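Given next are the chains, with one letter for each unit.
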Amino acid sequence: MISLTINGKEVQTPQGSTILEACQQAGIPIPTLCYDPDLRLAGSCRMCLVEIKGRPLYAASCVTPAENGIVVETESPGIVAARKVILELLSARHNFNCQVCEKNGNCKFQDYCYQYGIKESRYDYGEETNYPINDCNPFIERDYNKCIMCTRCVRACEEISIARAINVENRGHHAKIATAFDGNLADSPCVFCGQCIMVCPTGALTSKVSAGLGRAYEVDKVLTTCSYCGTGCTLELNVKNDCVVGVTSNRTVTGSPVNKGALCVKGRFGWDFINSPDRLTTPLIKENGQFRAAGWDEALDLVAKRLGEIKTEFGPDSMAVFTSARVTNEENYVAQKFTRAVLGTNNVDHCARL
Amino acid sequence: MTNSIGELEKDARCIFVIGSNTTENHPVIGMKIKKNVLYNGARLIVADPRRTDLAKIADVYMPHQPGSDVALVNAMMNVIINEGLANHDFIAQHTEGYEDMAAVISKFTPEYAEPITGVPAEDIRKAARLYAQSGSAAICYAMGLTQHRTGTDNVKSVCNLAMLTGNIGRPGTGVDPLRGQNNVQGACDMGGLPNVFTAYQAVTNDAAREKFEKAWGVPLSGQNGLVLTDVINKAHHGEIKALYVVGENPLMSDPELEHVEEALGKVDFVVVQDIFLSETAKYADVVLPSACFAEKDGTFSNTERRVQRVRKAVSAPGEARTDWEIMCEVATRMGYPMSYENSEQIFEEIRTLTPSYAGISYQRIENGSLQWPCPTEEHPGTPYLHKDGNFSRGLGAFTAIDYITPGELSDEKYPLILTTGRSLFHYHTGTMTRRASALNEHVPAAELEINPEQAKALGIAHDGMVRVSTRRGSLEMKAKVTDMVAPGVIFTTFHFAETPANLLTSSEFLDPTAKIPEYKVSAAKVEKI
Ligand code: SF4
Ligand code: SF4
Ligand code: SF4
Ligand code: SF4
Ligand code: FES
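Residues numbered from 1 in each chain as written. Chains lettered and ligands numbered in written order. Predicted model: local features only at pLDDT ≥ 70, side-chain atom pairs only at ≥ 80, totals over all residues. Heavy atoms only, no water.

**Focus on the packing of aromatic side chains**
Taken as a whole, this structure holds 21 aromatic pairs over all chains when the rule is applied. On the basis of an interplanar angle of 65 degrees and a centroid distance of 6.3 Å, the ring pair of Y228 of chain A and F273 of chain A is categorised as edge-to-face. Here the residue Y228 of chain A occupies a position in the loop between β10 (220-225) and β11 (234-240), and F273 of chain A occupies one in the loop between α6 (265-269) and β13 (284-287), the gap between them amounting to 45 residues. Of the two residues examined, Y228 of chain A and F273 of chain A, each falls in the buried class. Taking the centre distance of 6.5 Å and the plane angle of 80 degrees together, the rings of W324 of chain B and Y340 of chain B count as edge-to-face. With W324 of chain B in helix α16 (residues 323-333) and Y340 of chain B in the loop between α16 and α17 (343-353), this residue pair connects regions lying 16 residues apart in the sequence. (Phe/Tyr/Trp six-rings, centres within 6.5 Å; stacked < 30°, edge-to-face > 60°. Helix = DSSP H or I, 4+ residues; strand = E, 2+ residues; numbered from the N terminus. Buried < 20%, exposed > 50% of the residue type's maximum accessible area, 1.4 Å probe, protein only.)

See below:
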């Protein structure tokens, strides 16, 4: 352990920590934009600047090692002024329309502008940086007029999804995120996993499937397990008014032991079958070749009666149950118990092989 | 899986992927494998008739003929034995049956396997050496290995390969079947199989049966039940009078759909419990609406034996109820009272009867998960099986396996081999993904993948309509001209009700042990229309 002073308080931190990590362990908030604990450090946005006594330059805390005995200030007037400059520079090319933005209320850029009182920008690039909103896929909306060039999406695509679909194009004020040849995601190696949305700190990348259905502060997040493939990724169902309106990632190791927040296109964007108008809502009984709606009592009595009759007349082994690789363990247990204990046969199987 | 998903990201120094298009079917596992190969220096061997995403970054890619898996793996073992790369300490201490197996292997030189598999002998050698010499090598497979008449043989072959090199019982080694559906593992663990109760306790075992008879308070049958495909066949002969289907869609997923349709038509009473009116539900006498995963509590067990919570987020639509509530109601009305307060109470009953789950409770997995076997509340769970080569049955048994040809062979009339699988954007029979707006918008229909050379010879253009036929039927769809598939092989997916690929597959050739249909090999022809 090493020991350093942050904002006048002595703080202990393991050898090899960065100043940012030392601050986080000590509960001292540091604004960050490009930093992501699961991604390679970029050290590029400079939001996380701190002042170290005796050093002439401010240091980006996410990439600066914590050293024994250093004295750090995180919100000194000089630091605050520097952060304001950064935010104003970013604001100059930002299309603020928070009132309709999916990210409103859950946006780091909005939070920091509020925190540091950025009402208007002193900077003007003279020429518009007005990017068309890329729309040619049903999953992801990219609005680079809200991009702050933190490159988290690029790194997530490269390091978590290993798709390398996007990169930084151009330099300076014209720098932007783009696929090769600045085309559509659908024509790139993109696999629509949405890891880029997961890490984007602003409303530049958002889910089209969830668009307009509810913002972060309106939804409850319920941690559960994906119902598609056998990988068993955990995900959060976003619920508003008893309706699933989106899927987000839980990025902790305990909450998400298999995938640490990474998902695929089915897990992240394939949830709205839940609300499909095709869902069955009442029992159906077939009469003269046509289904008619029925109450539970009628349907259950009919099933019990017919199964009972067939059991008596033809014996238990004339019946079979197909249980499901899709339903829960508890339901599979009940299904085989029902088959064995109630119907009296071992004719129970599911489509594991198919 | 004998081992854990996380090990594929770092511990495995070599990964042999056979019959798994991992980046499309298990995308997040695919990401981990890619990360290991591209950033952590792991070596990658891919054997697949299709040039998958992983094949493109493989150190050795072997596009073997569909159905030639045994020949390919045997030839790799031949190289390993002949070049002195076998782990004889491991074989001596932990296995039996080596001699018999080695005797069969001796004829499978790479040169012998080359014409069978279509893989150059030199590539087989390279793959064998890489796998044997990497220190920790893992094998991943999926339906591409199992959906053959020799599916069981294929799996035993890769187990032979792992034991031959001692690649078992350590992190980053093992034999890892990647399960296709979210809870296949759990359905098997819970005894959703005709021959076993929970945790694979045999119904023919008197002690096991007595235990369940005592717990459930009724006498139980000690005779193995019928597997799914046999149920369909018996139904065809009028011997199945009642069928109760929970959330399955055999009318899309089973081979030779017309056969299934006829069979269902002959069953006196069909009950289907599902979230949608599936193709199968249309044949039901009674349909019972059930809750989907977002509307109930419970657990799923993933492909690495990890038991995780499913949590209720919203109410089920209309009058839909959870599957377990519905079945308890039916049981009770049939004179066997069954009722539980909630899913946790069911899980508590499961624990008492299921040794591998005995140590798992909702409380223990509230903030995390556990991998079975987990026999006691103190047990931390089991990330990898057969630790230090200690097999649960004592010694690991080699199986001597000779190569046999696929059941269906191509001929003049049906000169191509059709193989079926999944797309990244859809899932199984499509009941869910076809109703997920974005997925269905992105990939609205099946395509027939065909090699450019083949397409040219048949006058087929990219996106042009084709008719693909097998001895069972034909379908029309768009062609996708791509070098994903080799000349002679064509591929399509089975998600789409409009073009149900299993109209084309055969139910004639089943794996004799596992009764898996030969989905991956059908003789076929393609015409431009
Ligand atoms: S990205 Fe953030 S700051 Fe920009 S419009 Fe959206 S909510 Fe407002
Ligand atoms: S969706 Fe996934 S693959 Fe596509 S750009 Fe985003 S991170 Fe990359
Ligand atoms: S799109 Fe989002 S994540 Fe990517 S650079 Fe812009 S702000 Fe950062
Ligand atoms: S998110 Fe994708 S990879 Fe993960 S369990 Fe769901 S379907 Fe499988
Ligand atoms: S967060 Fe440290 S430089 Fe961006």
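**Quick notes on the sheet that holds β10 of chain A**
Residues and elements named next belong to chain A. The strand order β10-β11-β12 describes an open sheet built from 3 strands, whose pairing is antiparallel. Taken across any chain shown, the strands that pair with only one partner, and hence form the sheet edges, are β10 and β12 (243-248). Neighbour to neighbour, the strand axes of the sheet diverge by 35 degrees on average, direction disregarded. Pairing geometry for β11 and β12, over 5 bridges, is antiparallel. Paired with L237 across the bridge in β12 is V247. (Pairing = 2+ DSSP bridges. Axes fitted to C-alpha atoms, helices over the stretch in contact; angles between N-to-C directions.)

**Focus on the site of ligand 1**
Around ligand 1, the structure places 14 residues, and the nearest of them are H94, C98, C101, C107 and G203 of chain A. Grouping the constituent residues of the shell around ligand 1 by class yields 5 nonpolar, 7 polar and 2 charged. (Near = heavy atom within 4 Å. Nonpolar A, V, L, I, M, F, W, Y, C, P; charged D, E, K, R; others polar.)

**Here we look at unusual backbone geometry**
For residues that are not glycine, phi is negative in most cases, and the peptide bond is trans in most cases. Along the chain, W372 of chain B connects to P373 of chain B via a cis peptide bond; the corresponding omega equals 0 degrees. Within the secondary structure, P373 of chain B sits in the loop between β12 (370-371) and β13 (396-397). With phi around 50 degrees, N241 of chain A is a residue other than glycine that occupies positive phi space. Residue placement: N241 of chain A occurs in the loop between β11 and β12. Since its relative accessible area comes to 69%, N241 of chain A is described here as exposed.

**Some details on the site of ligand 4**
Taken together, the neighbourhood of ligand 4 is formed by C226, Y228, C229, T231, G232, C233, L263, C264 and G267 of chain A together with P27 and V28 of chain B. Each of chains A and B places residues near ligand 4. Taken together, the residues that form the shell around ligand 4 break down as 8 nonpolar, 3 polar and no charged.

**Quick notes on the pairing of strand β11 (residues 306-310) of chain B**
For a regular strand, the rule is simple: side chains alternate between the two faces of the sheet. Residue and element names in this part refer to chain B. In terms of burial, β11 is largely enclosed, as 5 of its 5 residues are buried. The antiparallel pairing of strand β10 (residues 298-301) with β11 creates a hairpin that spans 4 residues between the two strands, and R305 there sits at a positive phi of about 70 degrees. By the bridge criterion, 2 bridges tie β11 to β12 in an arrangement that is antiparallel. Pairing of R306 across the sheet is with Q371, part of β12.

**Considering helix α15 (residues 257-266) of chain B**
Of all the residues in α15 of chain B, the buried ones are L257, H259, V260, A263 and L264 of chain B. The arc enclosing the buried residues of α15 of chain B, seen along the axis, measures out at 155 degrees, which places them on a common side. (Arc of directions from axis to C-beta.)

**Looking at the domain arrangement of chain B**
Residue and element names in this part refer to chain B. Looking at the assigned domains, one finds that chain B contains domain 1 (5-178), domain 2 (184-378) and domain 3 (416-528). With 20 residues of domain 1 in contact, the opposing surface of domain 3 contributes 23 residues. Roughly 1800 Å² is buried in total at the junction of domain 1 and domain 3, and carbon and sulfur atoms are behind 56% of that figure. Looking only at domain 1, the three residues that lose the most surface to domain 3 are R50, Q147 and R149, adding up to 38% of its buried area. In this assembly, domain 1 and domain 3 are joined by 1 salt bridge. Inspection of the region where domain 1 meets domain 3 yields 3 residue pairs in polar contact (both at pLDDT 80 or more). Those elements that place two or more of their residues in the side of domain 1 that touches domain 3 are α1 (22-25), α9 (143-146) and α10 (151-164). Looking at the side of domain 1 that touches domain 3, its residues break down into 4 nonpolar, 11 polar and 5 charged. (Domains from an automatic or database assignment. Contact = heavy atoms within 4.5 Å. Buried area = accessible area lost by both parts, 1.4 Å probe. Salt bridge = Lys/Arg side-chain N within 4 Å of Asp/Glu carboxyl O. Polar contact = N/O pair within 3.5 Å; in protein donor to acceptor, adjacent residues only side chain to side chain.)

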